[in-house]
Amino acid sequence: MPSLWKRITFSVASALCVGSVAFLVVALSTERWVVGRILCKTGVDIVNASSPELDQFIGDIYYGLFQGGKTKRCGLGNRRSKIYFPKLVQTLNGGLHMMVILFLLGAVGFALVSLSFCIYNARKVPYQSIKGHKGLYLWNFIALFGALGVLCFLAAVKHHRLTERVANHGENLFVLEVLDDSLDWSFWLGVGSVGTHFAVCGVVAMSRMKLPKPEIKKPEELTISALDLLY
């Protein structure tokens, strides 16, 4: 049976692994990886709009790994449409996009493996080193695949003009220009999941610390001599 200190530290590590899985699942299923503003360039050129009138042609866009949406304003009012990434395979860098998804799914799997090992170490003392601290370091290191997924997505946004490609997909009459785009909270959840695995490694290292045991003073035994008995 592990000591109380080890049970506490591995319980904290288990909670961190659960948090990492929750972060990744929410990030994969939401549509707020990137948000931005788009300008209807065609509408501006047709009416020769000046600076005060440009606001009438500025819409917004948001998307995640699987779907998103945009609102374009080209002088005909707000026109909203949904974006589905299976239809964008020919437009996007499909290989890079699939790498992002696979890396994040791999991170979810190894985070679950790390969680099972944390629970095992909180309940039992492993006989094999791969089931103990070394195994936990290994699984958490592999779970950092999530970091590769985040970096691949960042590369797609910054170097492959992902937002511009997504915005102009399916547009036959209008050309949309991206004014600005920024990473939103779904992306930062993916970054947060990477941070939790570093925290798990730190907690596992703390579990190997040996806390000083409180010294219990034994009561002094009374010694009775023969002279004491005479008195």
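Residues numbered from 1 in each chain as written. Predicted model: local features only at pLDDT ≥ 70, side-chain atom pairs only at ≥ 80, totals over all residues. Heavy atoms only, no water.

- By the naming in an unreviewed UniProt entry, the protein chain goes by Clarin 2 and is assigned to Poecilia latipinna.
- Per UniProt, the comment on the protein chain under Subcellular location (unreviewed entry) is "Membrane". (UniProt positions renumbered as here; feature names shortened; annotations may be inferred.)

**Details of the packing of aromatic side chains**
Point 1. As enumerated under the stated definition, the model contains eight aromatic pairs in all.
Point 2. Between Trp33 and Phe187, the aromatic rings sit 6.0 Å apart at their centres with planes inclined by 75°, giving edge-to-face as the arrangement. One end of the pair, Trp33, is in the loop between α1 (4-29) and β1 (34-40); the other, Phe187, is in helix α7 (residues 185-207), and 154 residues separate them in sequence. Here Trp33 matches Phe187 in class, with each residue buried.
Point 3. Between Phe103 and Phe145, the ring centres sit 5.6 Å apart and the planes meet at 25°, which makes this aromatic pair stacked. Highlighted residues: Phe103 in helix α3 (residues 94-123) and Phe145 in helix α5 (residues 145-159), separated in sequence by 42 residues. (Phe/Tyr/Trp six-rings, centres within 6.5 Å; stacked < 30°, edge-to-face > 60°. Helix = DSSP H or I, 4+ residues; strand = E, 2+ residues; numbered from the N terminus. Buried < 20%, exposed > 50% of the residue type's maximum accessible area, 1.4 Å probe, protein only.)

**Details of the environment of Ala27**
Point 1. Positionally, Ala27 belongs in helix α1.
Point 2. Considered as a pair, Ala27 and Val191 are 164 residues apart in the sequence and their alpha carbons are 9.8 Å apart.
Point 3. In contact with Ala27, not counting residues within four places along its chain, are Trp33, Ser186, Leu189 and Gly190. (Contact = heavy atoms within 4.5 Å.)

**Side note on the packing of α3 against helix α4 (residues 133-142)**
Point 1. Close contact between α3 and α4 brings their axes to 8 Å; oriented N to C, the two are set at 160°. Taken together, the axes of α3 and α4 are roughly antiparallel relative to one another. The crossing of α3 and α4 is left-handed. In this structure, α3 contributes Phe110, Val113, Ser114, Phe117, Cys118 and Asn121 to the contact, and α4 contributes Leu136, Trp139, Asn140 and Ile142. (Axes fitted to C-alpha atoms, helices over the stretch in contact; angles between N-to-C directions. Parallel < 35°, antiparallel > 145°, perpendicular 65-115°, else oblique. Left-handed = near helix turned anticlockwise from the far one by under 90°.)

**Things to note about the side chain of Thr163**
Point 1. Counting through the fold element by element, Thr163 comes out in helix α6 (residues 162-168).
Point 2. The residues touching Thr163, leaving out its near neighbours within four places in the chain, are Val34, Ile61, Tyr63, Val157, Val178 and Asp181.

**Things to note about the nonpolar core**
Point 1. Among the nonpolar cores identified, the biggest contains 39 residues, and Trp33, Tyr63, Leu65, Phe153, Leu162 and Val166 are the most heavily contacted of them.
Point 2. Breaking this core down by element, the ones donating at least two residues are α1, β1, β2 (58-63), α3, α5, α6 and α7.
Point 3. The element that contributes the greatest number of residues to this core is α3, accounting for seven residues.
Point 4. Not counting chain neighbours up to four residues away, the residues in contact with Tyr63 comprise Glu31, Arg32, Trp33, Val34, Gly68, Phe85, Phe153, Val157, Leu162, Thr163 and Val166. (Core = buried A, V, L, I, M, F, W, Y, C linked by side-chain atoms within 4.5 Å.)

**Let's talk about the UniProt feature "transmembrane region" (unreviewed entry) in the protein chain**
Point 1. In the numbering used here, UniProt assigns the feature "transmembrane region" (unreviewed entry) to residues 96-120, 136-157 and 185-207.
Point 2. Secondary structure over residues 96-120 splits into 100% helix and 0% strand, and the C-alpha atoms at its two ends are 36 Å apart.

**Comments concerning the packing of α4 against α7**
Point 1. Where α4 contacts α7, the axes come no closer than 10 Å and their chain directions differ by 170°. When the interaxial angle is binned, α4 and α7 end up roughly antiparallel. Contacts from His133, Leu136, Tyr137 and Asn140 of α4 reach α7 at His197, Val200, Cys201, Val204, Ala205 and Ser207.
Point 2. Split by residue class, the contact of α4 with α7 holds six nonpolar, four polar and no charged. (Nonpolar A, V, L, I, M, F, W, Y, C, P; charged D, E, K, R; others polar.)

**Describing the environment of Lys131**
Point 1. With respect to the helices, strands and loops of the structure, Lys131 is situated in the loop between α3 and α4.
Point 2. Residues Lys131 and Tyr120 lie 11 residues apart in sequence; the distance between their C-alpha atoms is 8.3 Å.

**Digging into the pairing of strand β4 (residues 78-84)**
Point 1. Relative to β4, strand β3 (residues 67-73) is paired through seven bridges, and the arrangement is antiparallel. From the neighbouring strand, Thr71 faces β4, where its bridge partner is Arg80.
Point 2. In textbook terms, the turn of a hairpin is the stretch between consecutive antiparallel strands, and for β3 and β4 this stretch comprises four residues, one of which, Gly75, has a positive phi near 90°. (Pairing = 2+ DSSP bridges.)

**Side note on the pattern of salt bridges**
Oppositely charged side chains can pair when the atoms bearing their charge come close.
Point 1. All chains considered together, the criterion is met by five salt bridges.
Point 2. With a closest N to O distance of 2.9 Å, Arg37 and Asp180 form a salt bridge. Of this pair, Arg37 sits in strand β1 while Asp180 sits in strand β5 (residues 176-183), and the two are 143 residues apart along the sequence.
Point 3. Residue classification places Arg37 among the partly exposed positions, given a relative accessible area of 39%.
Point 4. Lys70 is the salt-bridge partner of Glu171, the closest N and O atoms lying 2.9 Å from each other. Residue Glu171 is found in the loop between α6 and β5, and its partner Lys70 is found in strand β3; the two are separated by 101 residues along the sequence.
Point 5. Here Lys70 falls in the buried class, since its relative accessible area comes to 5%. (Salt bridge = Lys/Arg side-chain N within 4 Å of Asp/Glu carboxyl O.)

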